[in-house]
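# Working through the structure, step by step
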Amino acid sequence: MAGVWVFAETVDGTPKPVVLELLTKARSLGDMTAVALGPGASKSVETLGKYGAKKVYVHEDGAFRDVLATPAVELLARLLAKDKPDLVIFGMTYDGRDVASRLSARLGTALIANATDIGAKDGGWAIVSPMFGGSLLVTTVPKAKGPTLVLIRPKAVTAEPAASAGAPQVETLTDPVDTSKPVARVLRRETEKASGPKLEDAAIIVSGGRGLGAPENFKMLDELAAELGAAVGASRAVVDAGWKPYSFQIGQTGKTVKPTVYIALGISGAMQHTVGMKGARTIIAINKDPEAPIFKMADLGVVGDVHKIVPQLIQEVRSRKGK
Ligand SMILES: Cc1cc2nc3c(=O)[nH]c(=O)nc-3n(C[C@H](O)[C@H](O)[C@H](O)COP(=O)(O)OP(=O)(O)OC[C@H]3O[C@@H](n4cnc5c(N)ncnc54)[C@H](O)[C@@H]3O)c2cc1C
C-alpha cells in the first residue's frame, strides 16, 4: 500500500480544520502517517488517529512554532529520506505553502499547488487543480521522482472521522532543532477579536461587495448576520478599498468557504470571487444589475437595491422571530 503523509499543522495541540480534511483524503489513498510539530503537538494524536492516521511523528520543540518553515523543512527532509513515502499532503495555508515549496526545492521533487483532489493513477498520482478561477480543471500526473508533494485547498474535502480507527503508533522525536542558520522568526502574535461564527466554519455567510457603496453600510450586514447567526464576508474590492480587513476576503486570494447559505450583496460575481464560495449549498444574490454574473450561479436571485432590500430583510427576519 502507498505511504501517504500529512503535514498536520496544530495550534496549541489542536489540529487546524484543514488537517482533518487532508486526513480524510489521505486515508483513502494509502497507509497514512501524520507529522505534528510544535509545543502541545502530542495532544493532537488522538484526533489524528480518529481521522485515520496509523502513525504519528511528534516533535514538540518551540522552534517549530517560533521559526518560520526552516525547522519543519529540515525535519521533514530527514524523515522522508528515511521512510520514503510516496505522497506528502499539505494544507494550502501560509505555513503549508512555505514548508512545501522549500521542501520541493530541497528534494528536487514535484509540488502541485492549489489542488482540490488526488487519486491514484498508474502507480503514481493524478492531482486535480482548478485553473482560471475554477473555470477549468487540470489533472496533473507528476513524473518526477517521489515523493510527490501536494498542497490542497481548504474546504476541497469534507472532513469525516474514519469508520474504524485504532490508536496510532506514536514516535516522539526529541533531537535538537538547528536554528543557527539565517531564519525568519515570529516576533509577536496578535489575536483578532471576533464575534459570531468564524467565516470558515459559518453555516450562513452574509457577504458584501462594492455595491454597498460605503464602509458604514456594512452595519446593516452586521445586523442581518446577528439575526441569522451568520458570519460577514467581503469581496476583494471592499478589502482593497479599506472598508474591511483582509481576514474578511473571500475568493482566489482570500478564504475558501463552504456554508449552507451564502448571501451575496452588491457583489458582481467575478470568477476570482466565486472560486472561493461556489461550494456553498444555496447561493442567494441581491444585485441591482440583472446581468450581473453572480445570477448565473445563484439559486435565488433578487434584482434590486441592497439599501432598500436588506433593511426590509432584517425587519422580516426579526418579525418571524417574534421581535
Ligand atoms: C489575481 C486576482 C485575484 C483576485 N482575488 C479576488 C478574491 O480573492 N476575492 C474577490 O472578491 N475578488 C478578487 N479579485 C477581484 C475580482 O476580479 C473583482 O474585481 C472583485 O471580486 C469585484 O468585487 P465586487 O463584486 O465587490 O465589485 P464590483 O465588480 O464593482 O461589483 C459591484 C456590484 O454591485 C452591484 N451594485 C452596485 N450598487 C448596488 C446596489 N445599490 N444594490 C445592489 N447591487 C449593487 C453592481 O451591479 C455590481 O454587480 C481578484 C482579481 C485578480 C486579478
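Since this is a predicted model, take the numbers as computed values, not measurements. (Residues numbered from 1 in each chain as written. Predicted model: local features only at pLDDT ≥ 70, side-chain atom pairs only at ≥ 80, totals over all residues. Heavy atoms only, no water.)

## Points about the sheet that holds strand β8 (residues 117-121)
Taken in spatial order, the three strands make up an open sheet running β8-β9-β10, and their pairing is antiparallel. Every interior strand has two partners, whereas the edge strands, β8 and β10 (136-140), have only one. Ignoring which end each strand starts from, the neighbouring axes of this sheet average 25° apart. Direction of pairing for β8 relative to strand β9 (residues 124-131): antiparallel, over a ladder of five bridges. The residue of β9 that forms the bridge with Gly 119 is Ala 126. (Pairing = 2+ DSSP bridges. Helix = DSSP H or I, 4+ residues; strand = E, 2+ residues; numbered from the N terminus. Axes fitted to C-alpha atoms, helices over the stretch in contact; angles between N-to-C directions.)

## Points about the nonpolar core
Formed by 29 residues in total, the largest nonpolar core has its most connected members in Leu 23, Leu 48, Val 56, Leu 87, Ile 89 and Ile 118. With six residues, the top contributor of residues to this core is helix α1 (residues 17-26). Contact partners of Leu 87, with chain neighbours within four places excluded, come to Gly 3, Val 4, Trp 5, Leu 29, Ile 118, Trp 125, Pro 147, Thr 148 and Val 150. Formed by 24 residues, the second largest nonpolar core is a distinct cluster that contains Ala 69, Leu 80, Leu 149 and Leu 173. (Core = buried A, V, L, I, M, F, W, Y, C linked by side-chain atoms within 4.5 Å. Buried < 20%, exposed > 50% of the residue type's maximum accessible area, 1.4 Å probe, protein only. Contact = heavy atoms within 4.5 Å.)

## Notes on the sheet that holds strand β17 (residues 300-303)
The parallel open sheet is built from five strands, whose spatial order is β14-β13-β15-β16-β17. Strand pairing shows two members of the sheet lacking a second neighbour, β14 (231-234) and β17, which therefore form its edges. Taking each pair of neighbouring strands and ignoring which way they run, the sheet shows an average axis angle of 15°. Bridge count for strand β13 (residues 204-208) against strand β15 (residues 261-265) is five bridges, and the pairing is parallel. Its bridge partner being in β15, Gly 208 is matched across the sheet by Leu 265.

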